[in-house]
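# Examination of the molecular architecture
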Amino acid sequence: MTTTSFNQGKGLGQPVGVAVLGMGTVGTEVLRLIAENPNAYANRIGGPIEIRGVAVSDLSRPREGVDPALLTDDALGLINRDDVDIVVEVIGGIEYPRELVLAALKAGKSVVTANKALVAAHAGELADAANEAGVDLYYEAAVAAAIPVVGMLRRSLAGDQIQRISGIVNGTTNFILDAMTSTGASYDDALAEATRLGYAEADPTADVEGHDAASKAAILASLGFHTRVSFDDVYCEGISKITAEDIEAAKEAGYTIKLLAICEKLVDEEGNKSVNARVHPTLVPNEHPLATVDKSYNAIFVEAEAAGRLMFYGNGAGGAPTASAVCGDLIGAARNKIHGGRAPGDNPYANQPIADFGEVPTRYHIDMRVEDRTGVLADLANRFANAGISLRTVRQEEDAENEARLIVVTHEALEKDLRAMVEELAALPNVKEVKSVIRLDS
Ligand code: HSE
C-alpha cells in the first residue's frame, strides 16, 4: 500500500509548479523519474510536483513520455507563467540557457540546472541574481552527475576546511585511458572504441581536450575554497597527445595515467595564500585509490582538515544518473518553496587570488632520447641541479645505437622552472628528443 502523508502531518501542501527546459536525454529522464514517483516525491517535499510545461526547440519532433499539451517552444513564456515556481534547465550550451536561467531567477523562480559550462562561466552572476530574488540555485548534476559532490561541499563539509580536491570527473577520457592501459591500444583506437560505444561524442573535443573537466574543476574549487574560480582560471591540458608508449612507461614505473582535475590551496614562502585549479594528464601511483577507477567511472578525492581523506565514486554521466541529481535538487527547491528557507548557496567570502600556474609546485615525468656518450647523464643532472630541481628517480635504457632512453622523475618544483628546464633540455645537442612530459601527483 502506498501511504501519502504530505507535509509531515500538516496536511497536503500546495502543488509546486515546475517548468522543464529541454527534453534531451537528461530532460526525458527527469520527466520519467517525476512521473514514476509522484507519491514518494510528494511525501519528501510536502506537496505534489506538477509539470506546467516542457520547452523544446523543435515541436515537430515526436516526444515520448510527455503529454503533448505540455510541450512549447516558448521557453521564456513558460518561465514567466504565474503557476511556475521552479525552473529546471537541462538544455546545455551557455548563452541561451544563461538568458533563460537569469530570466527565471529575476522572476523569483528557483532554478535547478545540470549545466556545468554555464555555472563554470557565470556562477557569480547567477548567484547574485538568486540572492537578489531570494530563491535557490541548485546544480548538483553539473559535476559528476549523481555523485553528490556539490551537496557534500555546500553542506556536509561546510564545517571543515577543504585542503585539496583531486578527481576523475570525465568519463569519456577515463574510458579512453583505461582502454589504453588495459589493452595497450593507441589513443586513436581507444577513442574510436569510445565513440562506437557512445561514450565519446561525434566531436569529442570538449572531453578529450579537458574542457568538460575544467568546468567541473572550476565549480569544485569555487565551492571548496569559497572563492570564485571560473572556467578561464583553470589550466587545461587534454589527453589527445598521450601515446601507448607513455602508458607503458607509466606502468613500468608503477603509475597509471589519469586525466585529473586538481584543486588546491597554496601558501608560498612569504605566507601568501592562493588557490589553483587545473586539469591535465597525471601519473597517479598505482596504490592511490584514483588509479583503480576504471572504465567510464568518475571519482572525487577530497582532503579536509578535520574529515581527513574522503572518496566519492560512481557514474559521472548518463541520462538517469544525471536526472537523479536533478530530481534531488528539485525536491530540495520544492521543499523550500513550501516550507520556506533557502538552500546553502555559493559563499565566495574567502576571495583568494588565483595562482599563476607557473608559480604552482608540480612534478614532472620526462621521457627523453639522448646520445649514449660519456658525460651526457652527468651534464643533464647538473643542469637540473643548477635550476634547483631535485631528481627523484632516473632510469636509463639502451634504445637505438648510440642512443639511450632516459626517464627522469623530478621532486616538486615550480611549474615555470620545470617548463624552462624542459625547454633547455629540448635545445641541447645531446638530447635528440623530449618524447613526453607528464605531471605526477601524490
Ligand atoms: N562528457 C562527460 C563525460 C559527461 O564524459 O564524463 C558530461 O559532463
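None of these values were measured; they are calculated from a predicted model. (Residues numbered from 1 in each chain as written. Predicted model: local features only at pLDDT ≥ 70, side-chain atom pairs only at ≥ 80, totals over all residues. Heavy atoms only, no water.)

## Overview of the site of the ligand
By nearness alone, every residue bordering the ligand is listed as K116, N170, G171, T172, D207, D212, K216 and A317. G171 has a polar backbone atom sitting 2.6 Å from an oxygen atom of the ligand. For the ligand, the protein covers 83% of the area, taking 260 Å² as the surface of the free molecule. In this structure, the ligand is accommodated by the largest pocket. Its residues placed into classes, the shell around the ligand shows 1 nonpolar, 3 polar and 4 charged. (Near = heavy atom within 4 Å. Polar contact = N/O pair within 3.5 Å; in protein donor to acceptor, adjacent residues only side chain to side chain. Areas by Shrake-Rupley, 256 points an atom, 1.4 Å probe, with all protein chains shown as cover. 1 Å grid on protein atoms, 1.4 Å probe; cavity = no way out; pocket = protein on both sides within 12 Å on 5 of 7 lines; lining within 4 Å. Sits in = over half its atoms within 2 Å of the grid points. Nonpolar A, V, L, I, M, F, W, Y, C, P; charged D, E, K, R; others polar.)

## Some points on the UniProt feature "domain: ACT" (unreviewed entry) in the protein
Summarizing the sequence annotation, UniProt attributes the feature "domain: ACT" (unreviewed entry) to residues 365–439 in the numbering used throughout. Its end C-alpha atoms 6 Å apart, residues 365–439 is made of 31% helix and 45% strand. (UniProt positions renumbered as here; feature names shortened; annotations may be inferred. Helix = DSSP H or I, 4+ residues; strand = E, 2+ residues; numbered from the N terminus.)

## Thoughts on the pattern of salt bridges
Side chains bearing opposite charge may pair, as long as their charged atoms lie close to each other. Scanning the model with the defined rule gives 34 salt bridges in all. When the shortest N-O distance is used, the salt bridge between R154 and D346 registers 3.0 Å. Taken together, the residues span a long stretch of sequence, with R154 in helix α6 (residues 149–156) and D346 in the loop between α12 (319–339) and β13 (361–371) at a distance of 192 residues. Just as R154 is buried, D346 falls in that class too. Shared partners join several salt bridges into a network, and the residues in it are E245, E252, D367, R369, R395, E397, D399, R405, E433 and K435. (Salt bridge = Lys/Arg side-chain N within 4 Å of Asp/Glu carboxyl O. Buried < 20%, exposed > 50% of the residue type's maximum accessible area, 1.4 Å probe, protein only.)

## Overview of the side chain of T173
Mapped onto the elements of the fold, T173 is located in helix α7 (residues 171–183). The class for T173 is buried, based on a relative accessible area of 1%. Setting aside chain neighbours within four positions, we find T173 in contact with D207, V208, I239 and L259. (Contact = heavy atoms within 4.5 Å.)

## Digging into helix α8 (residues 187–196)
Looking at α8, one finds that the buried residues are Y187, A190, L191 and A194. The arc enclosing the buried residues of α8, seen along the axis, measures out at 100°, which places them on a common side. Among the exposed residues of α8, those oriented more than 90 degrees off its buried face are D188, D189 and R196. Looking at the buried residues of α8, the elements they touch are α7 and α9 (205–208). G198 sits one or two positions beyond α8 and adopts a positive phi of about 85°. (Arc of directions from axis to C-beta.)

## A word on empty space enclosed by the protein
Counted by the stated rule, this structure contains 3 cavities of 30 Å³ or more. Its boundaries defined by the atoms lining it, the largest cavity holds a volume of some 80 Å³. What lines the largest cavity is simply A127, A130, N131, V135, D136, L137, R154, R342, A343, P344, G345 and D346. Ranked by residues supplied to the lining of the largest cavity, first place goes to helix α5 (residues 116–133) with 3 residues. Partitioning the lining of the largest cavity into residue classes produces 6 nonpolar, 2 polar and 4 charged. Its boundaries defined by the atoms lining it, the second largest cavity holds a volume of some 40 Å³. Considering the residues around the second largest cavity, the lining is formed by Y138, E140, V150, G151, R154, R155 and D329. With 4 residues, the single largest contributor to the lining of the second largest cavity is α6. Of the residues contributing to the lining of the second largest cavity, the split by class is 2 nonpolar, 1 polar and 4 charged. (Points joined across faces, edges and corners; volume = space filled by probe spheres on them.)

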